[in-house]
Amino acid sequence: QVQLVESGGGLVQTGESLRLSCAASGTIFRINAMGWYRQAPGKQRELVAAISSGGYTNYADSVKGRFTISRDNGKNTMDLQMNSLKPEDTAVYYCHAGVYITAAFIRDYWGQGTQVTVSS
């Protein structure tokens, strides 16, 4: 079994920064792509940023230039540095990973979510 545990959420004011972290543990052969998603009340879950095992990154237009995703393949961790936060960034943020449990079997895993609230 694999677990993804997020940390780092909280309440900040407009313009401030937060850093989210995600740690994967359990039966892991290797991790494929990882990403951060968010879901605001009444809205669908959306991709915020993703990073491949080779370090290629992809960002939602709404966070480009403000958020930076990174990962440490040796530690099975992923971070999201969020700067210049805006009230519209308020949401529950979820960590996602495609995990190879064996060399040939990959499965999607999600964290439990961490709340980010940006006050105006």
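The rules we used
Residues numbered from 1 in each chain as written. Predicted model: local features only at pLDDT ≥ 70, side-chain atom pairs only at ≥ 80, totals over all residues. Heavy atoms only, no water. Pairing = 2+ DSSP bridges. Helix = DSSP H or I, 4+ residues; strand = E, 2+ residues; numbered from the N terminus. Axes fitted to C-alpha atoms, helices over the stretch in contact; angles between N-to-C directions. Phe/Tyr/Trp six-rings, centres within 6.5 Å; stacked < 30°, edge-to-face > 60°. Buried < 20%, exposed > 50% of the residue type's maximum accessible area, 1.4 Å probe, protein only.

**Student:** Account for the sheet that holds strand β8 (residues 77-82), naming residues and giving values.
**Tutor:** With antiparallel pairing, the four strands of this open sheet are ordered in space as β1-β3-β8-β7. With partners counted over all chains shown, the strands left at the sheet margins are β1 (2-7) and β7 (67-72), one partner each. Averaged over all adjacent pairs, the angle separating strand axes in this sheet is 15°, with direction ignored. Pairing analysis gives six bridges linking β1 to strand β3 (residues 18-26), with the strands arranged antiparallel. Paired with Gln3 across the two strands is Ser25, which belongs to β3.

**Student:** Can you lay out the packing of aromatic side chains for me, pointing to particular residues and giving the numbers?
**Tutor:** The full count for this structure, using the stated rule, is one aromatic pair. For the pair Tyr37 and Trp110, a centre-to-centre distance of 4.9 Å together with 65° between the ring planes defines the contact as edge-to-face. Placement of the pair is Tyr37 in strand β4 (residues 30-39) and Trp110 in strand β10 (residues 106-110), with a sequence separation of 73 residues. For Tyr37, a relative accessible area of 22% corresponds to the partly exposed category.

Purely geometric stuff here, so don't read any function into it on its own.
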